[in-house]
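Spelled out, the chains give:
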Amino acid sequence: MTVTETLAFSDEAMKKYEWLLSRYPTRKAALLPTLRIAESEFGELGVPQMKYVADLMEIPPATVFGVVTFYTHYRRAGVGKYHLQVCSTLSCALRGSGDVVSRVTERLGIGVGETSECGLFTLSKVECLGSCDTAPVIQCNDDYHEGLSLEDVDALIEQLRQEAGKGGA
Ligand code: FES
């Protein structure tokens, strides 16, 4: 039995999925919210999870892979417990997102696209998060942290470390 064969939506998730299908004109059109369900059910979207969604929706796995890797808001396999996504588009860049990235790198010892050895943090640079008036912005998992000073960045990292019950990253 393969990993993909052991994956399955819970009854509740399947009900949500079926409700979604009733709201969209085609099966494929419901892919983005279905991936949200899969992310919530499985914790991350790796190859087996993407294959499960492709089989469930009867669409090509390449289509699912293309969507998951195009959008930055899906939780991909291998990402740390806290995914720090620093907006690097114009408003945030003008308001110091480069310094925010440098600060995170300095504090955690990881570069963009890397995950800390403890598995807590992954750092990414992303395009506009849609909150330009509160630049610079970090999206950490589903939460936005806006109007960040470098001290705010330090405080956020410390808060996350404490939440995780760890002393360091
Ligand atoms: S430019 Fe950063 S949120 Fe839009």
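The rules we used
Residues numbered from 1 in each chain as written. Predicted model: local features only at pLDDT ≥ 70, side-chain atom pairs only at ≥ 80, totals over all residues. Heavy atoms only, no water. Helix = DSSP H or I, 4+ residues; strand = E, 2+ residues; numbered from the N terminus. Buried < 20%, exposed > 50% of the residue type's maximum accessible area, 1.4 Å probe, protein only. Contact = heavy atoms within 4.5 Å. Areas by Shrake-Rupley, 256 points an atom, 1.4 Å probe, with all protein chains shown as cover. Lys, Arg positive; Asp, Glu negative; His and termini not counted. Charge placed at Lys NZ, Arg CZ, Asp CG, Glu CD. Pairing = 2+ DSSP bridges. Salt bridge = Lys/Arg side-chain N within 4 Å of Asp/Glu carboxyl O. Domains from an automatic or database assignment. 1 Å grid on protein atoms, 1.4 Å probe; cavity = no way out; pocket = protein on both sides within 12 Å on 5 of 7 lines; lining within 4 Å. Points joined across faces, edges and corners; volume = space filled by probe spheres on them. Nonpolar A, V, L, I, M, F, W, Y, C, P; charged D, E, K, R; others polar.

1. A few points about the overall build of the protein chain
Move 1: Scanning the protein chain for helices and strands turns up 8 helices and 4 strands.
Move 2: Order of helices (α) and strands (β) in the protein chain, N terminus to C terminus: α-α-α-α-α-β-α-α-β-β-β-α.
Move 3: Along the first, second and third principal axes, the C-alpha atoms of the protein chain reach 45 × 35 × 25 Å.
Move 4: Across the 169 residues of the protein chain, 40% fall into the buried class.
Move 5: Considering only residue pairs separated by 6 or more positions, the protein chain has 63% of its internal contacts joining residues 24 or more positions apart.
Move 6: Summing over all exposed atoms, the protein chain offers an accessible surface of approximately 9100 Å²; the carbon and sulfur share of this is 51%.
Move 7: Separation of charge centres in the protein chain, based on 16 positive and 23 negative side chains, amounts to 3 Å.

2. Topic: the pairing of strand E1 (residues 82-87)
Move 1: In terms of burial, E1 is largely enclosed, as 6 of its 6 residues are buried.
Move 2: Burial along E1 is two-sided: the face carrying Tyr 82, Leu 84 and Val 86 and the face carrying His 83, Gln 85 and Cys 87 are both buried.
Move 3: Where E1 and strand E2 (residues 121-126) come together, 6 bridges link them in parallel fashion. Counterpart to Leu 84 in the pairing with E2 is Leu 123.
Move 4: Across 3 bridges, E1 lies against strand E3 (residues 138-140) in antiparallel orientation. Residue pairing for E3: Val 86 is matched across the bridge by Ile 138.

3. As for the pattern of salt bridges
Move 1: Using the criterion set out here, one finds 5 salt bridges in the structure.
Move 2: The salt bridge involving Arg 103 is made with Asp 154; its shortest N-O contact spans 2.7 Å. Here Arg 103 is found in helix H7 (residues 97-108), whereas its partner Asp 154 is found in helix H8 (residues 150-164), with 51 residues between them in sequence.
Move 3: Here the salt bridges share partners, and the residues they tie into one network are Arg 103, Arg 107 and Asp 154.

4. Description of the domain arrangement of the protein chain
Move 1: As assigned here, the protein chain comprises domain 1 (3-70) and domain 2 (82-164).
Move 2: A straight line from the C-alpha centre of domain 1 to that of domain 2 covers 28 Å.

5. Examining the layout of surface pockets
Move 1: Roughly 180 Å³ of volume is contained in the largest pocket.
Move 2: What lines the largest pocket is a set of 14 residues, and nearest its centre among them are Thr 72, Arg 76, Val 79, His 83 and Ser 124.
Move 3: Elements represented by at least two residues in the lining of the largest pocket include exactly E1 and E2.
Move 4: Among the elements that line the lining of the largest pocket, the one with the most residues is E2, at 4 residues.
Move 5: Considering only residue class, the lining of the largest pocket consists of 4 nonpolar, 8 polar and 2 charged.

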